[in-house]
Amino acid sequence: MKSAIMEKIRARRGGSAIKTTENIGAFCKSEDKKEMMCFLGCDEKYNQGRCSDFEFFAEWERILPLCAGSVSSRLYGKQLSLLELSFDRDEQNRPSAIELWRIGNKALCEETKCKITRKYREMMKKQGIDVLEYVTNIANQGTAEHSQTALPLELLSKELLSELGTCPHLLLRVSSRRYVRPDRYHATLAWQGFLRDEKINEEERFVLELQLLIEVLLLLKKKKIFVTLHLCSQDASICEQVISYLKENRLMEGEIRCSLFLDTPMSEILSICRLSEKNIRVLPELVLRPSDLGAPLAPALREIATVYPIGGLRYGRLLSDSPSLSLAAEEELREKIDAFLLDEGVFDEKRQEILNNIFNS
């Protein structure tokens, strides 16, 4: 039973065939397309999920010319290119929605599905494991042998450490509006409340998330394993306090990658990066929205590079539930950074080395 639970958790992180490869409509569906439909006054059923995958796909194809020049249109082309499909923008030569549906579904053969799933799995692995999500997934199954009076430390030390391997990536999503100093007692109270299906507030959740992370970091440090921590928050002050706490208490050795959104002032990110020391290196990690991949991206990259070495930047994630859109966005960003490096006179092997550091480290 436990192996089945672990498989389910891996599937959530891209460990098995992703559901969105069922057909070309599900493959291409994404929130940004729904927003475009809303802007154009399309029927509400497309935004509310009250339509079939084919209906959504046909409606998107119908309004595609009206979205010319948009990020959504550009990324859609890259989504199709993942299936090795490319079509003339000329409406007269473009297949009808019905024909494109047939061609696209044929392109989604088992080999292609496996290839896309593998790419997405590799991307998700680099984004890190959310410790709270990990243990709550197992607790929700009702089969884990966890105590209602203590944190699930045995679960963390066995299953999770095995899952992390020798190059662990951990994820901490910070949703709290203020920093709260973590401790086992209050984290245990929050854990007990969760097990009783009680609603815990954002500060209690923050304490639980951070304390669970600390327990894992202590286990990894004991084994002398370097860790990469992805710290996802739009609040730079909370990020700074979390990093300072980890440093002051010598809780980890490795890298902390702090989310960099395009609207984050670079002065705040630089302040956080200056917290780096011998055993902890703090790096900015680019987190994008689909709309960021349009006109704002090129000048934003140039602005970042003026004050922070572009080779030290890392790519985190796209804020989207669409696997194909996430893969398309990574390709788009790679092309933009590649073009920037060429403009700056960085060529051949050194350029590829920088791109590899940004996207594959």
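Right, let's walk through the structure included here.

## Let's talk about the overall build of the chain
Across its full length, the chain holds 17 helices and 6 strands. Viewed in the frame of its principal axes, the chain has a C-alpha envelope of about 65 × 50 × 35 Å. Taken across its 361 residues, the chain has 52% of its residues classed as buried. Of the roughly 18,100 Å² of accessible surface on the chain, 48% is carried by carbon and sulfur atoms. Averaging the locations of the 52 positively and 55 negatively charged side chains of the chain gives two centres separated by 4 Å.

## Section: the packing of helix H12 (residues 202-222) against helix H13 (residues 236-248)
Direction vectors running N to C along H12 and H13 enclose 35 degrees, while the axes themselves pass 12 Å from each other. Handedness of the H12/H13 crossing: right-handed. Contacts between H12 and H13 involve Phe 206, Leu 210, Ile 214 and Leu 217 on the former and, on the latter, Ile 238, Val 242, Tyr 245 and Leu 246. Its residues assigned to classes, the contact of H12 with H13 shows 8 nonpolar, no polar and no charged.

## Considering the side chain of His 169
Within the secondary structure layout, His 169 lies in strand S2 (residues 169-173). The class for His 169 is buried, based on a relative accessible area of 16%. Among the polar contacts listed, one links the side chain of His 169 to the backbone oxygen of Lys 126, at a separation of 3.4 Å. Apart from residues no more than four positions distant in its own chain, His 169 is found in contact with Lys 125, Lys 126, Gly 128, Ile 129, Leu 164, Thr 228, His 230, Arg 257 and Ser 361.

## Here's the deal with the nonpolar core
Residues Leu 170, Val 216, Val 242, Leu 246 and Ile 256 are the most contacted members of the largest nonpolar core, which totals 48 residues. A total of 10 residues in this core trace back to one element, the largest contributor, which is H12. Not counting the four nearest positions on each side in its chain, Leu 170 is found in contact with Gly 128, Ile 129, Val 131, Leu 164, Leu 213, Val 216, Leu 217, Leu 220, Val 227, Thr 228, Leu 229 and His 230. Counting residues in hydrophobic clusters, the runner-up holds 31 residues, among them Leu 286, Tyr 308, Ala 328 and Ile 337.

## Considering the packing of aromatic side chains
Scanning all chains against the criterion turns up 6 aromatic pairs. For the ring pair Phe 54 and Trp 101, a centre distance of 5.2 Å and an interplane angle of 85 degrees mean the geometry is edge-to-face. You can see Phe 54 sitting in helix H5 (residues 53-63) and its partner Trp 101 sitting in helix H7 (residues 97-107), a full 47 residues away along the chain. On the accessibility criterion, Phe 54 (30% relative accessible area) is partly exposed. Within the aromatic cluster, the residues linked to one another by ring pairs are Phe 54, Phe 57 and Trp 101. Between the NZ or CZ atom of Lys 29 and the centre of the ring of Phe 56, over which it lies, the distance is 5.1 Å.

## Examining unusual backbone geometry
Notably, Asp 197 is not glycine yet its phi reads approximately 65 degrees, a positive angle. Judged by its relative accessible area of 72%, Asp 197 falls in the exposed class. Despite not being glycine, Asp 348 has its phi angle at roughly 50 degrees, a positive value. Checked against the element boundaries, Asp 348 lands in helix H17 (residues 348-360).

Rules and cut-offs
- Residues numbered from 1 in each chain as written.
- Predicted model: local features only at pLDDT ≥ 70, side-chain atom pairs only at ≥ 80, totals over all residues.
- Heavy atoms only, no water.
- Helix = DSSP H or I, 4+ residues; strand = E, 2+ residues; numbered from the N terminus.
- Buried < 20%, exposed > 50% of the residue type's maximum accessible area, 1.4 Å probe, protein only.
- Areas by Shrake-Rupley, 256 points an atom, 1.4 Å probe, with all protein chains shown as cover.
- Lys, Arg positive; Asp, Glu negative; His and termini not counted.
- Charge placed at Lys NZ, Arg CZ, Asp CG, Glu CD.
- Axes fitted to C-alpha atoms, helices over the stretch in contact; angles between N-to-C directions.
- Left-handed = near helix turned anticlockwise from the far one by under 90°.
- Contact = heavy atoms within 4.5 Å.
- Nonpolar A, V, L, I, M, F, W, Y, C, P; charged D, E, K, R; others polar.
- Polar contact = N/O pair within 3.5 Å; in protein donor to acceptor, adjacent residues only side chain to side chain.
- Core = buried A, V, L, I, M, F, W, Y, C linked by side-chain atoms within 4.5 Å.
- Phe/Tyr/Trp six-rings, centres within 6.5 Å; stacked < 30°, edge-to-face > 60°.
- Lys NZ or Arg CZ within 6 Å of the ring centre and 35° of its normal.

By themselves these figures say nothing about function.
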